[in-house]
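Here is what each chain is made of, one letter per residue.
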Amino acid sequence: MAYEQLANFIIENVGGKDNVSSVVHCATRLRFKLKDVSKANDEALKQNDGVITVVKSSGQYQVVIGNHVPDVYNTLVKLGGFSSSAPVDDDYVDTQNMSLLDRFIDLISGIFQPILGPLCAAGMIKGLTAMCAAFGWLSTTSGTYQVLYAIGDGFFYFLPIILGLTAAKKFGLDRFTAIAIGAAMTYPAIIAMSSEQKTLYTLFEGTFIQSDIHATFLGLPIIAINYSSTVIPIIVAVWFAAKVEKWCKQFIPTVVKTFLVPFTTLLITVPITFLVIGPLASWIGDLLAAITEGIYNLSPVLAGLVMGAFWQVFVIFGVHWGFVAVALANIAAQGFDTTLSLTLAASFAQTGVVLAILFQAKDAKVKGLAFPAFISGIFGVTEPAIYGLTLPRKRPFILSCIAASIGGGLIGFFGTKFFMMGGLGIFSIPTAISPKNGMDMSVYGLIIAMGVSFVLGFILQMLFGRQSVLEVQDQKTAETVAQTAKEAQQVATHKVLSENQASYNAPTTLVSPLTGKAVALNSISDQVFASGAMGQGIAIEPSDGVVCAPADATIALVFPTGHAIGLNTTAGAEILIHIGMDTVQLDGKYFETLVTQGQKVKAGEPLVKFDLEQIKKAGFSLTTPIVVTNSKNYHQIVPVKSGAIKTGDKLLDLD
């Protein structure tokens, strides 16, 4: 019955049955595709006890339920008359209504994002090993060098196997079948075929795709290619294999599908990969490399200015994954890439701007965000800086793009190249070391460009970005005041007494809901509470993270964020307990609500738990006002105690 009530409530508040195009579920959430998202009632859903939150992402309206979502889903499809579907992965994305560009970005990011961590780690090890050899710290014939180089290079050498695994998930192919395809492409005998001295004959002689034939398959020529470290051939091969596997499942009897489906898939896919897919995909990679190199050669400086200016914009929209794929293809085709190297100044430009914000900001929370964002930016992780600081303020983000553009132009001027994929930020420097030339001016030029971008970003923000930092700070203050006023209005709607009631309530006493230090209400920093506009009362600076009921009462209001709670005592007092200052901005983080609206509680019963230390670390004051919102129904409200106080001690006399 509880699931039926919840399911009916959800259907009603997503706009009704007719507004639902389809619905699936993953491990924790219902994923709706709605005809008109504006018909959904976000707030009503969020306030329901059976719903954790609502998320709108990738064209889906997601209602987060929790671990019992399968039961809710089964009830919901039955009541709504919707078609039932198998559960989907947590990262499921419906691409049906996506544009071609969005689908491409989703495909590339889905293939490369899971391997990004190990990819960067392997590149860093490979780059640092190359740097040790370039400085003469390690001999290239030593065992230490060989082991370290194997750690770094092994990931890239067998990249087709690794990409086969991630591509299989995107294309719906059995993952071990995909691994088998990648393993065949990197099999030593196949790799050795590309360097075979004996030539049977030559195809496409005189063209840019001229190919020597060293072996045949059933009489058909095998164009020998070294598939180690390649990107495009395995992705196309896995896509083709997924089509073959789907076809096989339609015709092969169920009793033998377990082994005959992969048997047939591999027997068809691998030869076609060597005969057709591999050569075509490799030639496409060579063409991409030639095009990007041609554009770069027209004007390396101009290319750097453009890539530096727009790289952070590309990252925000996810378009950067296309450049990552091209860079990997370039490295496989020609041993280096000139495209991504032009973007290496962007993180330092962003970091310079953040350092300036750290100096300019007066708000403790902004400083608390800026310092870790500065540290992570040095190592190339700029998301905290972009989304937490510069992008919301607009101008600092634009200034960082300008500084990044200048840095990109310098990188183009010095001719810096990527010889391997590797780390970000300062860890990207070893990846620019040439295996042949070692530390040359292109590497030193990269370091200069990074420094220039950092300093320029700092100077531009100090000169032109200060006002944007202060404006957002003032705006947040105004929003906080408005939110507090809204809370007061919400509490007021739950009053039992009318505004015009002339009689006074009977005297009563409230006990302390917290352990800590009691202070006068008019001494706290929030002027809305301090002025008494929301009612008379007291404030407590808590030393314990549990709020308890100050009297026998009914829960009148529970804020979804958990930072405030309203009660109507049995004696007629209406109480608002507001945990901390501005803590609504935490959006429920570090708060756990223990009661629900309408619930009856006894004095001393726990109402809310909160993580006192984490809230302080986030930069918020925990001074907690306890106010009587219907103060006009009492002659006077007198604090009983100040200073140290424990939960349950007498706190306020209401006469």
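Details of the structure are given in the entry above.
Read on for a plain summary of the structure.

**A word on the overall build of the protein chain**
Summing up its helical and strand segments, the protein chain has 21 helices and 21 strands in all. Counted over contacts in the protein chain with a minimum sequence separation of 6, partners at least 24 positions apart contribute 71%. Carbon and sulfur atoms make up 61% of the accessible area of the protein chain, which totals about 30,600 Å².

**Description of the pairing of strand β4 (residues 60-64)**
Most of β4 sits inside the fold, with five of its five residues counted as buried. Of the two faces of β4, the one holding Q60, Q62 and V64 and the one holding Y61 and V63 are both buried throughout. Pairing analysis gives four bridges linking strand β2 (residues 29-34) to β4, with the strands arranged antiparallel. Each bridged residue has a counterpart across the sheet, and for F32 the counterpart in β4 is Y61. Sheet topology places strand β3 (residues 53-57) next to β4; five bridges connect them, and they run antiparallel.

**What to know about the sheet that holds strand β15 (residues 591-593)**
Strand order in the open sheet formed by three strands is β11-β17-β15, and the pairing between neighbours is antiparallel. In this open sheet, the two strands that pair with only one neighbour each are β11 (546-548) and β15. For this sheet, the mean angle separating the axes of adjacent strands, direction not counted, is 20 degrees. For β11 and strand β17 (residues 606-610), the ladder comprises three bridges, and the chain directions are antiparallel. Considered in β17, the bridge of C548 is made with P606.

**Let's talk about helix α18 (residues 441-464)**
Since there are 3.6 residues in each turn of an α-helix, residues three or four apart along the chain are aligned in direction. Between its first and last C-alpha atoms α18 spans 33 Å; for 24 residues at 1.5 Å apiece the expected length is 34 Å, and the two agree. Residues of α18 that are buried: S442, V443, G445, L446, A449, M450, S453, G457, L460 and Q461.

**Topic: the environment of S21**
The residue S21 is located in strand β1 (residues 20-25) in this model. Note on S21: relative accessible area 42%, which makes it partly exposed. C-alpha separation for the pair S21 and F82, spaced 61 residues apart in sequence, amounts to 8.7 Å. In contact with S21, not counting residues within four places along its chain, are K33, L34 and K35.

**What to know about the packing of aromatic side chains**
Following the criterion strictly, the structure yields 11 aromatic pairs and no others. Ring geometry for F155 against F156: centres 5.9 Å apart, planes inclined by 75 degrees, an arrangement best described as edge-to-face. For F155, a relative accessible area of 15% translates into the label buried. Note on F413 and F414: the rings are 5.2 Å apart at their centroids and 80 degrees apart in plane angle, and the pair reads as edge-to-face. For the cation-ring pair, K417 lies above F336, with the distance from its terminal atom to the ring centre recorded as 5.5 Å.

**Re the pattern of salt bridges**
Where side chains of opposite charge bring their charged atoms close, a pairing between them can arise. Enumeration over the complete set of coordinates arrives at two salt bridges. With its nearest N and O atoms 3.9 Å apart, the salt bridge here joins K249 to E245. Of this pair, K249 and E245 both sit in helix α10 (residues 232-251), four residues apart, which is roughly one turn of that helix. Taking relative accessible area as the criterion, K249 reaches 43% and is therefore assigned partly exposed.

**Quick notes on the nonpolar core**
In this structure, F112, L163, L173, I181 and M421 are the most contacted members of the largest nonpolar core, which totals 70 residues. Of all hydrophobic cores here, the second largest spans 36 residues; its members include A518, V547, L586 and L622.

**Here's the deal with the sheet that holds β1**
Taken in spatial order, the four strands of this open sheet run β1-β2-β4-β3, and their pairing is antiparallel. The open sheet has two free edges, formed respectively by β1 and β3, since each of these has just one partner strand. Each strand of the sheet is rotated relative to its neighbour by a mean of 25 degrees, with strand direction disregarded. The strands touched by helix α3 (residues 69-80) are β1 and β2; relative to β1, the strand with the most contacts, the crossing angle is about 150 degrees.

**Overview of the environment of G580**
In this fold, G580 is placed in the loop between β14 (574-578) and β15. When its relative accessible area of 0% is taken as the criterion, G580 is described as buried. Apart from residues lying up to four places away in sequence, G580 is in contact with S621, L622, T623 and T624.

**Remarks on the side chain of N13**
Tracing the backbone through its elements, the reader meets N13 in helix α1 (residues 2-13). Its relative accessible area of 8% is what places N13 among the buried residues. Within the local environment of N13, its side chain forms a polar contact with the backbone oxygen of F9, the two atoms lying 2.9 Å apart. Beyond its immediate stretch of four places on either side in the chain, N13 contacts K39, A40, N41, A44 and L45.

The rules behind these values
Residues numbered from 1 in each chain as written. Predicted model: local features only at pLDDT ≥ 70, side-chain atom pairs only at ≥ 80, totals over all residues. Heavy atoms only, no water. Helix = DSSP H or I, 4+ residues; strand = E, 2+ residues; numbered from the N terminus. Contact = heavy atoms within 4.5 Å. Areas by Shrake-Rupley, 256 points an atom, 1.4 Å probe, with all protein chains shown as cover. Buried < 20%, exposed > 50% of the residue type's maximum accessible area, 1.4 Å probe, protein only. Pairing = 2+ DSSP bridges. Axes fitted to C-alpha atoms, helices over the stretch in contact; angles between N-to-C directions. Expected span 1.5 Å × (residues − 1). Phe/Tyr/Trp six-rings, centres within 6.5 Å; stacked < 30°, edge-to-face > 60°. Lys NZ or Arg CZ within 6 Å of the ring centre and 35° of its normal. Salt bridge = Lys/Arg side-chain N within 4 Å of Asp/Glu carboxyl O. Core = buried A, V, L, I, M, F, W, Y, C linked by side-chain atoms within 4.5 Å. Polar contact = N/O pair within 3.5 Å; in protein donor to acceptor, adjacent residues only side chain to side chain.

That's the geometry; what it means functionally is another story.
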